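# What the coordinates show
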Amino acid sequence: MWKQLKEDIDAIFERDPAARSTFEVVLTYSGLHAIWAHRISHKLWKAEWYTLARAVSQFAKFLTGIEIHPGARIGKKLFIDHGSGVVIGETCEIGDNVTIYQGVTLGGTGKEKGKRHPTVGDNVIIATGAKVLGSFKIGDNSKIGAGSVVLQEVPPNATVVGMKAKIVIQDGKRVTQDFDLVNLPDPIADMIRQMQREIETLRDEVQLLKEGTKQNEHSPI
């Protein structure tokens, strides 16, 4: 148990240049607190103390903003950076040396029964806001881009990006030559632009109505 706790701390020093001391990490890193709480709740879950396990996980969620179901299986050296808004489902399995950033969801689609959540391989990086939904595998050494929505299996050594995630790098080689890794689609910005166009159209229509009303007022009866 103590060895596992030390490995969790070591993972932070290996991957976060902002970490200065063990005392600071243990005291202030909410991702570490959430993982340690999960270690406890998972043992309770396996012992079939389900309600107590859920109580521990919900208390950890209240303290950290990170929700990890006690049934989830987590390997060695998971690093949850910042972590606010992270959700990890009941049947999710996470390998060793995985890095997860804030706003990530490892969830289900609501269509599966039994194994409903993803299996994440070793050395995987899942960037900010990514949503991985369904009971499929994320291969070892893969990377999920920020804001990506992943609905199908990702092979090992791949990088996927986009609202409907596509493989852009496989085994170190570029797969989609015309995909812009910097200027990714922004659905919120697109929606705002569409609303602005509709507002301008409505403004023009109102102006035409005003002009028509003025002409009617000045026309002879």
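Residues numbered from 1 in each chain as written. Predicted model: local features only at pLDDT ≥ 70, side-chain atom pairs only at ≥ 80, totals over all residues. Heavy atoms only, no water.

### A short note on the UniProt feature "domain: Serine acetyltransferase N-terminal" (unreviewed entry) in the protein chain
Put simply, the rule reads: UniProt positions are given in the numbering used here, feature names are shortened, and annotations may be inferred rather than shown by experiment. Put simply, DSSP H or I for four residues or longer makes a helix, DSSP E for two residues or longer makes a strand, and each gets a number counted from the N terminus.
Annotation from UniProt places "domain: Serine acetyltransferase N-terminal" (unreviewed entry) at residues 3-35. Here residues 3-35 is 79% helix and 0% strand, with 14 Å between the C-alpha atoms at its ends.

### Examining empty space enclosed by the protein
Going by this rule: Every definition here rests on a 1 Å grid over the protein atoms only: cavities are sets of points where a 1.4 Å probe fits but cannot get out, pockets are open sets enclosed by protein on both sides within 12 Å along at least five of seven lines, and lining residues have some atom within 4 Å of a point. Grid points are joined across faces, edges and corners, and a volume is the space filled by probe spheres set on the points. Each residue gets one label: Ala, Val, Leu, Ile, Met, Phe, Trp, Tyr, Cys and Pro are nonpolar, Asp, Glu, Lys and Arg are charged, and the others, such as Gly, are polar.
Counting across every chain of the model gives 1 cavity of 30 Å³ or more. A volume near 40 Å³ is recorded for the largest cavity. Taken together, Ala34, Ala37, His38, Ser41, Val56, Ser57, Ala60, Ile66 and Ile68 make up the full set of residues lining the largest cavity. Of all the elements in the fold, those that place two or more residues in the lining of the largest cavity are α3 (30-46) and α4 (50-64). The biggest single contributor to the lining of the largest cavity is α3, with 4 residues. When its residues are assigned to classes, the lining of the largest cavity shows 6 nonpolar, 3 polar and no charged.

### Quick word on the side chain of threonine 159
Note the cut-off: By definition, residues are in contact when any of their heavy atoms lie within 4.5 Å.
Relative to the elements of secondary structure, threonine 159 occurs in strand β14 (residues 158-161). In contact with threonine 159, not counting residues within four places along its chain, are Lys143, Lys166, Ile167, Val168 and Ile169.

### Quick notes on the pattern of salt bridges
Stated formally: The rule for a salt bridge is simple: a side-chain nitrogen of Lys or Arg has to be within 4 Å of a carboxyl oxygen of Asp or Glu. Only protein chains enter the area calculation, which uses a 1.4 Å probe; residues under 20% of their type maximum are buried, those over 50% are exposed, and those in between are partly exposed.
Taken as a whole, this structure holds 6 salt bridges when the rule is applied. Ionic pairing is found between glutamate 24 and arginine 20, a salt bridge with its closest N-O pair at 3.6 Å. The shortest N-O distance in the salt bridge between arginine 116 and glutamate 90 comes to 2.9 Å. With arginine 116 in the loop between β7 (105-107) and β8 (119-120) and glutamate 90 in the loop between β4 (87-88) and β5 (93-94), this pair connects stretches of sequence that are 26 residues apart. Accessibility expressed as a relative area gives 27% for glutamate 90, which makes it partly exposed.

### Considerations on a nonpolar patch on the surface
Convention followed: Excluding any residue in a salt bridge, patches collect residues exceeding 30% relative accessible area, merging like charges within 9 Å and nonpolar Val, Leu, Ile, Met, Phe, Trp and Tyr side chains within 5 Å. Throughout, the Shrake-Rupley method with a 1.4 Å probe supplies accessible areas, and for residues the shown protein chains are the sole cover considered.
A contiguous nonpolar surface patch, about 400 Å² in accessible area, is contributed by Phe59, Phe62 and Leu63. Structurally, the position occupied by leucine 63 is in helix α4.

### Considerations on the packing of α3 against α4
Quick reminder of the rule: A fitted line through C-alpha atoms serves as each axis, taken over the contacting stretch for helices, and the angle formed by two N-to-C directions is quoted from 0 to 180°. Any angle between 65 and 115 degrees counts as roughly perpendicular, while under 35 counts as roughly parallel, over 145 as roughly antiparallel, and the rest as oblique.
The N-to-C vectors of α3 and α4 enclose an angle of 175 degrees; their axes lie 8 Å apart at closest approach. Of the possible angle classes, the one that applies to α3 and α4 is roughly antiparallel. Of the residues in α4, those in contact with Ser30, His33, Ala34, Ala37, Ser41, Leu44 and Trp45 of α3 are Tyr50, Leu52, Ala53, Arg54, Val56, Ser57, Ala60 and Thr64. Residue composition of the contact of α3 with α4, grouped by class: 9 nonpolar, 5 polar and 1 charged.

### Regarding the packing of aromatic side chains
Worth spelling out the cut-off: Pairing of aromatic side chains here covers Phe, Tyr and the six-membered ring of Trp, requires ring centres within 6.5 Å, and sorts the geometry by plane angle: under 30 degrees stacked, over 60 edge-to-face, intermediate tilted.
Counted under the stated rule, the structure contains 1 aromatic pair. With a centroid separation of 4.7 Å and an interplanar angle of 65 degrees, the aromatic rings of tryptophan 45 and tyrosine 50 are classed as edge-to-face. On the basis of relative accessibility, which here comes to 41%, the residue tyrosine 50 falls in the partly exposed class.

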